[in-house]
Amino acid sequence: MNKRGCSGASDLGSNAQSGSLDRRSLLKMTAGGTAGISLAGCLSSYESITGASDDEETITIGMLAPEPESDFVGRSMAQAAAVAVDELNENGGIDGTEVELAVGDTNGSPLEARRQYQRLILEEGADVTIGMFASEALVNIMDDIAEQETIHLTAGAATQIASRRVHEEYDRYKYHFRVGPTNDVDLGRAQINFMNDIATDIGWESIAVLAEDYPWADEPWRIYQDQLADTPVDVVMDERYPPATNDFSEMYDDVAEAGADAVFISTAHTGTDALLDWSYPNRPDSQPQPQPFAFGGIHVPMQIPTYYEDTNGACRYGLGYSAATEESEITEVTPQFVDRYHDAFDSYPQDMGYYTYDSVALFAEAVERTGTTETDELISELEGIEYTGATGTVKFYDTDHAHAHDRVYDVDDDSTVGIYFQWQENDDGEGVREVIWPESYATSEYVTPPWLADG
């Protein structure tokens, strides 16, 4: 596979920088992985197939994504859908029918998400809708999905509220399935799995658990409180910090005083501030001293393939959790998708792009198997399906499960648990996201930050 790394500005082995980092500009680009980040690629591939056709002999995929023309996450979702649709049409469409893509910009807003959902269904004639990054936006369209009786495959939002509604009011909400990511409860379980399996092996014998106080982190936090004590690691500090936090210096002083080997963080909106206060805390001094502990966890900005370049290498040695990376081979489909995406857009997909690609392919598989786009038949097919995609094995919890129609998380099946990666630097000075866990997918071993290894 032809892999192109993201170049870093400097060697952060000692975290010395050749100049000060323009932190505010960086935060505008990267905070939470959802602010506007320009992608050095073209949109022509999906713009050319966006919009419904007057020809009834088409199948229309409705794609819901946040700001796909400017936001890296939204753009990755829309472009991944375009790759999947192009691939289908090159192979005769879905069951011999041409496929078209209609993109709705949710603008990161629950109200706009609902308006775009209705437009895709009522004006564009979508046969299925896919996507939806923000959990609050997904919740806001659940009743619309029920009223339109049209299958929606979530690729982005993690809230268990959607699956709980399917479980509690199946006949009304049975149209919702979550292809990825795992729901917020299983997201927390995945972190516990990581702690049990590898944390002490990489030197994380004691941790400080930090999580931003946003609703998406509520369930992972609950899981941490209930289960971390049963793992081999010692929790020496835990804190839910306010959403407006942009200075972690005092918090990190407490972490250092507690003697934590690592900060184990759950962050989306505040991720870049948290990272820079770890790796580059006393900027703009020319010789900043990194914090005396390792850093990683659920960190949405680190899922952005250009993050090493965007942060001048400040994310080096940080750990992140994801569905896949450009370095990984979860299944044989993973590198095939990555190569096609890179050929089309000269970039790599963010986490939600992998789930989006699998959502389109999964819908196509269900139609091919049943020979129809009739909703009830497709629901029955999806409820029993086991599909191998770019993100691994996709299958759904039964209707009697509390998380009905959510993607199954199975601790005994590595293809369902996601991966932990570490930002490392290759011999050419390029940043790469190397998989370090699970071992079955590892592309590299964990590298201890040199200022800790020398201690």
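Located above this text is the structure these notes cover.
Fair warning: this is a prediction, and the values are worked out from it, not measured in the lab. Sequence order sets the numbering: in each chain, residues are counted from 1 along the sequence as written. The model is predicted, so local features are restricted to residues of pLDDT at least 70 and side-chain atom pairs to those at 80 or more, both for listing and for counting; the totals for chains, interfaces and linings are taken over all residues. Excluding hydrogens and water, the side-chain figures rest on all heavy atoms present in the structure.

Asker: How would you sum up the overall build of the chain? Please name residues and give values.
Answerer: The number of helices and strands found in the chain is 16 helices and 15 strands. Three exposure classes are used, based on accessible area relative to the maximum for each residue type with a 1.4 Å probe and protein chains only: buried under 20%, partly exposed in between, and exposed over 50%. Looking at the chain as a whole, 61% of its 455 residues qualify as buried. The Shrake-Rupley method, run with a 1.4 Å probe sphere, supplies the accessible areas, and residue values consider only the shown protein chains as cover. As displayed, the chain has an accessible area near 16600 Å², and 39% of this comes from carbon and sulfur atoms. Here a helix means four or more residues in a row that DSSP labels H or I, a strand means two or more in a row labelled E, and each is numbered from the N terminus.

Asker: Any details on the pairing of strand β3 (residues 98-105)? Residues and values, ideally.
Answerer: Of all 8 residues in β3, 6 are buried, a share of seventy percent or more. One ladder, built from 8 bridges, connects strand β2 (residues 58-65) with β3; its direction is parallel. What sits directly across from M63, in β3, is V103. Assignment of crossover handedness uses the view with strands pointing away from the viewer, where a clockwise path from the first strand over the helix to the second indicates a right-handed crossover. With helix α3 (residues 72-90) bridging β2 and its parallel neighbour β3, the resulting β-α-β unit is right-handed. Two strands make a pair as long as DSSP finds a minimum of two bridges between them.

Asker: Residue-level account of the nonpolar core, with values.
Answerer: In this text, buried Ala, Val, Leu, Ile, Met, Phe, Trp, Tyr and Cys residues form a nonpolar core when linked through side-chain atoms within 4.5 Å. If you look at the biggest cluster of nonpolar residues, it comprises 106 residues, and the most contacted ones within it are I61, L153, Y252, V263, F295 and F363. In contact with Y252, other than residues within four places in its own chain, are L210, V263, A274, D277, W278, Q291, F293 and F295. Here a residue-residue contact requires only that any non-hydrogen atoms of the pair lie within 4.5 Å.

Asker: Any chance you could break down the packing of aromatic side chains for me, citing the residues and the numbers?
Answerer: Note on ring pairs: Phe, Tyr and Trp rings are taken, using the six-membered ring of Trp, and paired if centres are within 6.5 Å. Classes follow the plane angle, with under 30 degrees stacked, over 60 edge-to-face and the rest tilted. Counting across every chain of the model gives 18 aromatic pairs. When the ring of Y317 is compared with that of W451, the centres are 5.8 Å apart and the planes differ by 80°; the resulting orientation is edge-to-face. Pair noted here: Y317 is in the loop between α12 (307-310) and β11 (319-322) and W451 is in helix α16 (residues 450-453), with a separation of 134 residues, a long-range link. Since its relative accessible area comes to 19%, W451 is described here as buried. Geometrically, the ring pair formed by F337 and Y341 is edge-to-face, given 5.9 Å between the ring centres and 75° between the ring planes. Taken together, the residues span about one helical turn, with F337 and Y341 both in helix α13 (residues 333-345) at a distance of 4 residues. In this pair, the class of F337 matches that of Y341, namely buried. Through a chain of ring-to-ring contacts, the aromatic side chains of F194, W204, Y321, Y420 and W437 assemble into a single cluster. Against the face of F421 rests R433, its NZ or CZ located 5.3 Å from the ring centre. Working rule: Lys NZ or Arg CZ, within 6 Å of ring centre, within 35 degrees of ring normal, means a charge sits over the ring.

Asker: If you had to explain the sheet that holds strand β6 (residues 176-180) to someone new, which residues and values would you point to?
Answerer: Read from one edge to the other, the open sheet built from 5 strands follows the order β3-β2-β4-β5-β6, with strand pairing classed as parallel. Whereas interior strands pair on both sides, the edge strands pair on one side only; in this sheet they are β3 and β6. Recorded for the sheet is a direction-independent mean angle of 25° between the axes of neighbouring strands. Sheet topology note: the strand β5 (residues 152-155)/β6 ladder contains 4 bridges and is parallel. Paired with A155 across the two strands is G180, which belongs to β6. In this description, a line fitted to the C-alpha atoms serves as the axis of each element, helices being fitted only across the stretch in contact, and the angle between N-to-C directions of two axes falls anywhere from 0 to 180 degrees. Strand contacts of helix α5 (residues 135-148): β2, β5 and β6, with the helix running at about 170° to β5, the strand carrying the most contacts. Along the sheet, helix α14 (residues 351-370) contacts β2, β4 (128-131), β5 and β6; its crossing angle with β5, the most-contacted strand, is approximately 160°.

Asker: Give me the lowdown on helix α6 (residues 161-168), citing residues and values where you can.
Answerer: Buried within α6 we find A162, S163 and V166. An end-on view of α6 places all buried positions within 95° of arc, on one side of the element. Taken together, the buried residues of α6 touch α5, α7 (170-173) and β6. An arc is given here, and it is the one of the directions from the helix axis to the C-beta atoms.

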